[in-house]
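These are the residues of each chain, in order.
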Amino acid sequence: MWRRASTSTSSSLSSSFIIKSSSSLLNLFFISQHHHASSSSSSSSSSSSSSSSSPPPLTMMQQQQQVNDGIPISRFITFVLGGPGSGKGTQCTKIVETFGFNHISAGDLLRREIVSDTKYGSMILNTIKQGKIVPSEVTVKLILRELESSHNHKFLIDGFPRSEENRIAFEQIIGAEPNTVLFFDCPEEEMVKRVLSRNQGRVDDNIDTIKKRLKVFEALNRPVIDHYAKKGKLHKINAVGTVDEIFEQVRPVFAAFEQLN
Ligand SMILES: Nc1ncnc2c1ncn2[C@@H]1O[C@H](COP(=O)(O)OP(=O)(O)O)[C@@H](O)[C@H]1O
Ligand SMILES: O=c1ccn([C@@H]2O[C@H](COP(=O)(O)OP(=O)(O)O)[C@@H](O)[C@H]2O)c(=O)[nH]1
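If you're wondering where the values come from, they're calculated on a predicted model, not measured in any experiment.

A. The packing of helix H7 (residues 136-149) against helix H8 (residues 164-174), seen in detail. With their axes 10 Å apart at the nearest point, H7 and H8 run at an angle of 45° to one another. Taken together, the axes of H7 and H8 lie oblique to each other. Our pair here, H7 against H8, has a crossing hand that is right-handed. Counting all contacts with H7, which are made through Ser136, Val140, Ile143, Leu144 and Leu147, the residues of H8 involved are Glu165, Asn166, Ala169, Phe170, Ile173 and Ile174.

Now the structure itself:
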């Protein structure tokens, strides 16, 4: 069983905001040469300034044209972090419904490989059973495929990166940093309780594997969280409470982006 990566067509964050909200050019990626050519040969309606090393932002018309042409435009990426059972997937569903993001669950992508029995399937199954982390190049490749095949430019990447090695591989292969990072902060005993009652038939939702996953989370995922905290990109959410109460802490993160637009 896995959560389906969901895609919504509603779009309320525009690329012009993405450009304005980014503190560094690393936050953006302008993938196609076509983009550079088209944006540099026409004027832009956005008020954001552009340096000599960056292309000017696209007008809404250019963005629409690119969507029509199937050419990727600048992407807005949110990493969704937190321990096992902290409620990442549950909150992602609410963010998709409210703000129209495309939800990419790294765990779901990996479980799909197991079910499809691809060349990585048995290695992934063994890794998940042991609560360990799948090699970065495998996971990043699966994420890249999702990023490239979506017409929605706003992404939630759920449950990734799980280690500094994951994070660095993503940044090198994809060529971008996330625009923002959510961290669902949940006490271990609450996470254990939730995972044990998740009831989705997952091979890793048993007490022995949960203990291993919690250790791996503390050892390998914490440094990633610290990294983004230092960069001022981390939004720490208290993950204890009802789903709706927690979402009320999440909502302002994305509402703020909309307001700036
Ligand atoms: N705020 C909450 N309070 C109680 N249970 C929750 C809450 N949020 C999620 N859950 C439940 O806890 C389990 C784990 O949530 P999930 O979103 O799958 O976590 P994660 O994606 O972080 O592993 C699920 O069964 C989910 O329904
Ligand atoms: O980027 C990832 C995401 C997941 N996993 C593996 O998939 C398992 C389940 O991850 P998921 O995010 O689905 O569940 P959670 O840990 O939130 O319960 C993890 O314990 C890892 O073994 C991984 O190796 N790399």
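B. A look at H7. Spanning 14 residues, H7 covers 20 Å between terminal C-alpha atoms, matching the ideal 20 Å at 1.5 Å per step. Among all positions of H7, only Ser136, Val138, Thr139, Val140, Leu142, Ile143 and Leu147 are buried. Buried-residue contacts for H7 involve strand E1 (76-82), strand E2 (102-105), helix H5 (106-115), helix H6 (121-129), strand E3 (154-158) and H8.

C. Fine view of the sheet that holds E2. Taken together, five strands build an open sheet; the order of strands is E2-E3-E1-E4-E5 and the sheet is parallel. Every other strand in the sheet has two partners, leaving E2 and strand E5 (234-238) as the edge strands with one partner each. On average, each strand axis in the sheet is tilted by 20° relative to the strand beside it, whichever way the strands run. Contacts from H5 reach E2 and E3 within the one sheet, and its direction differs from that of E2 by about 60°.

D. Local environment of the site of ligand 1. As a matter of local geometry, ligand 1 sits amid 14 residues, with Lys88, Gly89, Thr90, Arg198 and Gly241 nearest to it. At a separation of 3.0 Å, an oxygen atom of ligand 1 approaches a polar backbone atom of Gly85. A distance of 3.0 Å separates an oxygen atom of ligand 1 from a polar atom in the backbone of Gly87. Surface burial for ligand 1 is 77%, taken as the share of its 560 Å² of free accessible area covered by protein chains. Of all elements in the fold, only helix H4 (88-99) and helix H11 (243-260) reach the threshold of two or more residues within the shell around ligand 1. The dominant element in the shell around ligand 1, judged by the number of residues it contributes, is H4, at three residues. Classifying every residue of the shell around ligand 1 gives two nonpolar, eight polar and four charged.

Conventions adopted
- Residues numbered from 1 in each chain as written.
- Chains lettered and ligands numbered in written order.
- Predicted model: local features only at pLDDT ≥ 70, side-chain atom pairs only at ≥ 80, totals over all residues.
- Heavy atoms only, no water.
- Axes fitted to C-alpha atoms, helices over the stretch in contact; angles between N-to-C directions.
- Helix = DSSP H or I, 4+ residues; strand = E, 2+ residues; numbered from the N terminus.
- Parallel < 35°, antiparallel > 145°, perpendicular 65-115°, else oblique.
- Left-handed = near helix turned anticlockwise from the far one by under 90°.
- Contact = heavy atoms within 4.5 Å.
- Expected span 1.5 Å × (residues − 1).
- Buried < 20%, exposed > 50% of the residue type's maximum accessible area, 1.4 Å probe, protein only.
- Pairing = 2+ DSSP bridges.
- Near = heavy atom within 4 Å.
- Polar contact = N/O pair within 3.5 Å; in protein donor to acceptor, adjacent residues only side chain to side chain.
- Areas by Shrake-Rupley, 256 points an atom, 1.4 Å probe, with all protein chains shown as cover.
- Nonpolar A, V, L, I, M, F, W, Y, C, P; charged D, E, K, R; others polar.

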